[in-house]
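Residue-level structural notes
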Amino acid sequence: MFISKQLAIHASEHPERIITSFQGHETTYRQFYEKASNLAGYFKEKGFTNEDIIALYLPNSDSFLIAYYACQMAGLPVLPINTKLAPPEVEYIISHSEAKALIYDARIQSGLQNISLDTFQNVLEIGRDNSFEEVISESRPDFEAPPLNSEDTAVIFYTSGTTGRPKGVMLSVSNVEAIAEIWANSLELTYADRMHIVTPLFHCAASHCFSIPTVQRGGTVIIEEAFSPIETLLTMEREKVTVFFGVPAIYSTLLNTPSMKERELSHLRLFAYGAAPMPYELVKQLKNNFPNVSLQNLYGQTENSPGATTLKDEYALEKIGSVGEPLPNTELRVVDPSGRDVTPGEVGEILVKGPQVMKGYLKNKQATDGALKEGWLYSGDLGKLDEDGLLYIVDRKKDMLIRGGENVYPIEVEEVLYQMEEILEAAVVGIPHETYGEVPKAYVVLKESKQLTEEEIIQYCLRNLAKYKVPTNITFIDELPRNASGKVLKHTLREKAKV
C-alpha cells in the first residue's frame, strides 16, 4: 500500500497515537495527517503537477516528515537537499533539478546564498515569517488526494558525490512503498516501536530505512536535529527508544561517552548500523555492553532506495565484516567484468534486482543506461559471497588501487588498522607512485589520550598483511572527512595527499 494511504489509515484508526516526537513536542497521527493534507492541498491550489519538483532545505524536524508526506499525498516529487553542502553545490542541484518550489529553514538560509528565491514559483519558510506553519495550519477540507501512478517519481535524492558530480536518483511511488515494507519486515517493526533518528533525514537511509517503515507500522519516530552523544543518550532514555540507527563512528563515540553507562536503556531492542564497515572490536563492545540488544547491519545504496542485504544478529560476531543476505523480494549477484557469476570467495561487482531499484538518474540517460541493465542495478561496489551465500563488501570499484599489478582493497587494510586498540578511525587511499603506479596511504584518527607512531602502525600491518598491502606512510588527523550519510570521502583524502 502506498505510504500516503497507509498514513491515512493509521490517522483514521488510531488518531491519538503519537507519530513524531521532536524537541519535546509530540504530534498525533491525526494532527500529522491534517497538517500534511493541508500542505498537499496548498500545492494543488497553486497548480503544481506531478512533474513539478518540491525542494526541501531543512534540518531534521517533524516538519521535514510532514513536508515529505504532503508531497506524496499531492503526487509531487520531493527533493531533500543535503544542508551540509556548500552553496555552489546546492546551486547545482537546484539548477539541475529545475525545482519549482522550496521549503527552507531560515536559520540555514546562508546555504542558499547563491540562489535567488525568485527562481521558484513558490517558497515557504520555517522561522522568520513562519509561512510554512501558516500553510499547514490552514484547513483545506475540499482537498482530495489525486490517484497515484505507481511509476510516478516520488522522491529524488542526489547522490553524495563521493566520486564526482552528484546525480539525481529518481525513486518511484512503488519504489518507496516497496522499501518501506522491506525494512519494516526485516527490522520486525510494530506499532510499539519508538525509532530514534539522529542521522540526517535528507539522506535516504534515515528516511527510507527507518522513519517511513516505522510509520508504515504505526510506530513513533523520535527525531533529533543532530547527533550529540550526551543529548542523544538522554533522549534515548527519556523517550524509551526501542530502535536506534547509527553509523559506526556514532557507536564508537557513544561507547566512549562515560554517561552511556549511567543511562537507563532497558527499552532498547535493536541497534542498526550501516554506511561503513563496523570493526569487530566495536561489535564486540556493543554486544558486551548491551547483551539483550540485537545488532543488525544494513547495506544498500540510494539507487536501491536504499536496500540490498542485511546481516541479522545471529551472525553479528560469527560473520564479522559481512553485510548479510539479500532482503525480502531482492535478488543479488556478484559478477566478473564479462557479466558471469563468480564462484564463492571470488571478488566481483555486486548486482541488485528488486522492486526498490530506482527508475534512473534525472536527466542523465547515459548514466542510467550504465547502471541499469535488464532490470539489474550495477552497484559499482566490489564484493564476494561466502559458502553460505552471505555477502562481503570488498570496496568501491573506484576505491580499489593497483600496486605493481596487485589489487589492494582499502577496506581490508582498514580492518587491520581497526584491530589496534589505540585507533578510533582509519581510512586508506591509493596515491601515485613512480615505480608501482599506486601505493596505499593511511589516514588515522587516534582515540583520546592514546599515542602511536607511524613506525608502530607499519610494523603491525607487516605482521598482519602481505607486504604490498601495507601503507607506505601514515598521516594522523583529528577526524575523517565524511558526507551526511557517514561515508568517508575518499576523494577528499586523495586530494589532501597531493598537497
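Report follows, based on the coordinates. (Residues numbered from 1 in each chain as written. Predicted model: local features only at pLDDT ≥ 70, side-chain atom pairs only at ≥ 80, totals over all residues. Heavy atoms only, no water.)

**Here's the deal with the overall build of the protein chain**
Applicable threshold: Here a helix means four or more residues in a row that DSSP labels H or I, a strand means two or more in a row labelled E, and each is numbered from the N terminus. To get the radius of gyration, use the C-alpha atoms; to get the globule rule, take the number of residues to the power 0.38 and multiply by 2.2 Å. Residue exposure (1.4 Å probe, protein chains only): buried if accessible area is under 20% of the type maximum, exposed if over 50%, otherwise partly exposed.
What the protein chain contains, in helices and strands, is 14 helices and 26 strands. Relative to the compact-globule value of 23 Å for 499 residues, the protein chain shows a C-alpha radius of gyration of 23 Å, a close match. Based on the C-alpha atoms only, the size of the protein chain along its principal axes is roughly 70 × 55 × 45 Å. Looking at the protein chain as a whole, 57% of its 499 residues qualify as buried.

**Concerning the nonpolar core**
Generally speaking, a soluble globular protein has its nonpolar side chains buried in company with each other. Condition: Working definition of a nonpolar core: buried Ala, Val, Leu, Ile, Met, Phe, Trp, Tyr and Cys residues. They are joined through side-chain atoms within 4.5 Å.
If you look at the biggest cluster of nonpolar residues, it comprises 86 residues, and the most contacted ones within it are L39, F43, Y68, Y69, I103, F132 and F210. It is helix α3 (residues 62–74) that contributes the most residues to this core, 10 residues altogether.

**Some thoughts on the sheet that holds strand β24 (residues 423–433)**
In a beta sheet, neighbouring strands are held together by backbone hydrogen bonds and run either parallel or antiparallel to one another. Note the cut-off: Here a strand pair is declared whenever DSSP counts at least two bridges between the two strands. Note on geometry: axes are C-alpha line fits, over the in-contact stretch for helices, and angles between N-to-C directions span 0 to 180 degrees. In what follows, a contact means two residues having at least one pair of non-hydrogen atoms within 4.5 Å.
With mixed pairing, the three strands of this open sheet are ordered in space as β24-β25-β26. Only two strands of the sheet have a single partner each, and these edge strands are β24 and β26 (473–476). Adjacent strand axes in the sheet meet at a mean angle of 25 degrees when their direction is disregarded. Note: β24 against strand β25 (residues 437–446), 10 bridges, orientation antiparallel. In the sheet register, V428 faces β25, and the bridge partner there is A442. Against the sheet, helix α14 (residues 490–498) makes contact with β24 and β25, and its axis sits at roughly 60 degrees relative to β24, the strand it touches most.

**Here's the deal with the layout of surface pockets**
The following threshold applies: Using protein atoms alone on a 1 Å grid, points that fit a 1.4 Å probe yet trap it form a cavity, whereas open point sets bounded by protein on both sides within 12 Å along at least five of seven lines form a pocket; residues with an atom within 4 Å of a point count as lining. Grid points are joined across faces, edges and corners, and a volume is the space filled by probe spheres set on the points.
The space that makes up the second largest pocket amounts to roughly 720 Å³. For the lining of the second largest pocket, the secondary-structure elements that each account for two or more residues are α9 (248–255) and β24. With four residues, the single largest contributor to the lining of the second largest pocket is α9.

**Overview of the pattern of salt bridges**
Here is the rule we go by: What makes a salt bridge here is a side-chain nitrogen of Lys or Arg within 4 Å of a carboxyl oxygen of Asp or Glu, nothing more.
Counted under the stated rule, the structure contains 23 salt bridges. Of the charged contacts in the structure, one is a salt bridge between K319 and D388, with a shortest N-O distance of 2.6 Å. Of the two residues, K319 sits in the loop between β14 (309–311) and β15 (322–326) while D388 sits in the loop between β20 (376–385) and β21 (391–396), which places them 69 residues apart along the sequence. Residue D388 is classed as exposed on the basis of its relative accessible area, which comes to 55%.

**Some points on the environment of E415**
Its location among the elements puts E415 in helix α12 (residues 410–418). Look at E415 and you get partly exposed, because its relative accessible area is 25%. The spacing of E415 and A427 is 12 residues in sequence and 9.5 Å in space, taken between C-alpha atoms. Discounting chain neighbours no more than four positions away, the residues touching E415 are P277, M278, P279 and Y280.

**Remarks on the pairing of strand β6 (residues 122–126)**
Within a regular strand, the side chains alternate between the two sheet faces. Burial analysis of β6 places four of its five residues in the buried class, which makes it a mostly covered element. Relative to β6, strand β5 (residues 101–105) runs parallel, the two sharing five bridges. Residue pairing in the sheet places A101 in a bridge with N122 of β6.

**Quick word on helix α2 (residues 29–45)**
Counted only if it meets this: Between the first and last residue of a helix there are one fewer steps than residues, each counted as 1.5 Å, and that sum is the expected span.
Between its first and last C-alpha atoms α2 spans 24 Å; for 17 residues at 1.5 Å apiece the expected length is 24 Å, and the two agree. Those residues of α2 that sit buried are Y29, F32, A36, S37, N38, L39, A40, G41, Y42 and F43. Note on α2: the residue one or two positions beyond its end, G47, has a positive phi of about 85 degrees.

**Structural notes on the packing of α2 against α3**
Applied cut-off: Working definition: roughly parallel below 35 degrees, roughly antiparallel above 145 degrees, roughly perpendicular at 65 to 115 degrees, and oblique for all remaining angles. Left-handed describes a crossing whose near helix is turned anticlockwise from the far helix by less than a right angle; the clockwise case is right-handed.
Direction vectors running N to C along α2 and α3 enclose 55 degrees, while the axes themselves pass 8 Å from each other. Accordingly, the angle class assigned to the pair α2 and α3 is oblique. By crossing handedness, the relation of α2 to α3 is classed as right-handed. Across the interface between the two elements, F32, Y33, K35, A36, S37, L39, A40, F43 and K44 from α2 touch D62, L65, I66, A67, Y69, A70, C71, M73 and A74 from α3.

Read these as spatial facts, not as claims about activity.
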